[in-house]
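Single-letter residue listing:
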Amino acid sequence: MPQQSGLTQMLFMYVPIILIFYFLIIRPQRQQQKKTKEMLDNLKKNDEIITTSGIHGTVAIVKEKTVVVRVDEGCRLEFDRESIASVTNSESKPVEVVK
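Quick caveat, the model's predicted, so the values are computed rather than measured.

## Notes on the overall build of the chain
Phase 1: Per the secondary structure count, the chain includes one helix and five strands.
Phase 2: Sequence-ordered secondary structure for the chain, helices as α and strands as β, is α-β-β-β-β-β.
Phase 3: Across the 99 residues of the chain, 19% fall into the buried class.
Phase 4: Sequence separation of at least 24 residues holds for 36% of the intrachain contacts in the chain that already meet a minimum separation of 6.
Phase 5: Just so you have it, the chain exposes about 8400 Å², and 58% of that area is on carbon and sulfur atoms.

## Remarks on a nonpolar patch on the surface
Phase 1: Residues L7, M10, M13, Y14, I17 and I18 make up a contiguous nonpolar surface patch of about 620 Å² in total accessible area.
Phase 2: With respect to the helices and strands, M13 occurs in helix α1 (residues 2-41).

## Here we look at the sheet that holds strand β2 (residues 56-62)
Phase 1: Pairing is antiparallel in the open sheet, where five strands are placed in the order β4-β3-β2-β1-β5. Of all strands in the sheet, those bounded by a partner on one side alone are β4 (75-80) and β5 (84-88). With strand direction ignored, the average angle separating the axes of adjacent strands in the sheet is 45°.
Phase 2: One ladder, built from four bridges, connects strand β1 (residues 48-51) with β5; its direction is antiparallel. From the neighbouring strand, I49 faces β5, where its bridge partner is V87.

## Some points on unusual backbone geometry
Phase 1: Phi at N46 takes a positive value of approximately 75°, unusual for a residue other than glycine.
Phase 2: Among the structural elements, N46 can be located in the loop between α1 and β1.
Phase 3: A relative accessible area of 49% means that N46 is categorised as partly exposed.

## Observations concerning the pairing of strand β3 (residues 66-72)
Regular strands show a simple pattern: their side chains alternate between the two faces of the sheet.
Phase 1: In terms of strand pairing, β2 meets β3 through four bridges, oriented antiparallel. The residue bridging V62 from the neighbouring strand is V67, located in β3.
Phase 2: Taken together, the six bridges between β3 and β4 define a ladder with antiparallel strand orientation. Bridge pairing links T66 to D80 in β4.

## Considerations on the pattern of salt bridges
Phase 1: In this structure the tally under the stated criterion is three salt bridges.
Phase 2: Note that D47 and K44 form a salt bridge whose closest N and O atoms lie 3.4 Å from each other.
Phase 3: Look at D47 and you get buried, because its relative accessible area is 12%.

Definitions and cut-offs
Residue numbers here run from 1 along each chain, matching the order of that chain's written sequence. Local features in this predicted model are restricted to residues of pLDDT 70 or higher, and side-chain atom pairs are both shown and tallied only at a pLDDT of 80 or more, whereas totals for entire chains, interfaces and linings draw on every residue. To get the side-chain values, all heavy atoms of the structure are used, and hydrogens and water are removed first. Only DSSP runs of H or I covering at least 4 residues are called helices, and only runs of E covering at least 2 are called strands; the numbering of each starts at the N terminus. In this scheme, a residue with accessible area under 20% of its type's maximum is buried, one over 50% is exposed, and one in between is partly exposed, where area comes from a 1.4 Å probe on protein chains only. Here, residues are in contact when the closest pair of their heavy atoms is within 4.5 Å. Note on areas: these come from Shrake-Rupley sampling with a 1.4 Å probe, and a residue is covered only by the protein chains present in the view. Like-charged residues within 9 Å of one another, or nonpolar side chains (Val, Leu, Ile, Met, Phe, Trp, Tyr) within 5 Å, are grouped into patches, provided each residue has over 30% relative accessible area and no salt bridge. Salt bridges are defined as contacts in which a side-chain nitrogen from Lys or Arg sits within 4 Å of a carboxyl oxygen from Asp or Glu. Strand pairing is defined by DSSP finding a minimum of two bridges between the two strands. Helix axes use the C-alpha atoms of the stretch in contact, all axes being lines fitted to C-alpha atoms, and the angles between their N-to-C directions lie in the range 0 to 180 degrees.

This is the structure in structure tokens:
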């Protein structure tokens, strides 16, 4: 019987560690992945975006796996959906002052 009590003690020691690991690392990462997937699924034309490489632009065309982004008047770039880091609101965009 002494072996079983040692196994029980070890089990009671590891279960809280596993729970802490789950709630501090795995669960928040899954929530972030879910938010990112939702953001990418809701992309639409004229959304202002920032790519993972720091390029700011406006969505011109939404395709199944890629997005065409208008960076300037005559410049359009095609990115994979996964390379979009965030969607910014045009209302919250700071006003640019030109001197």
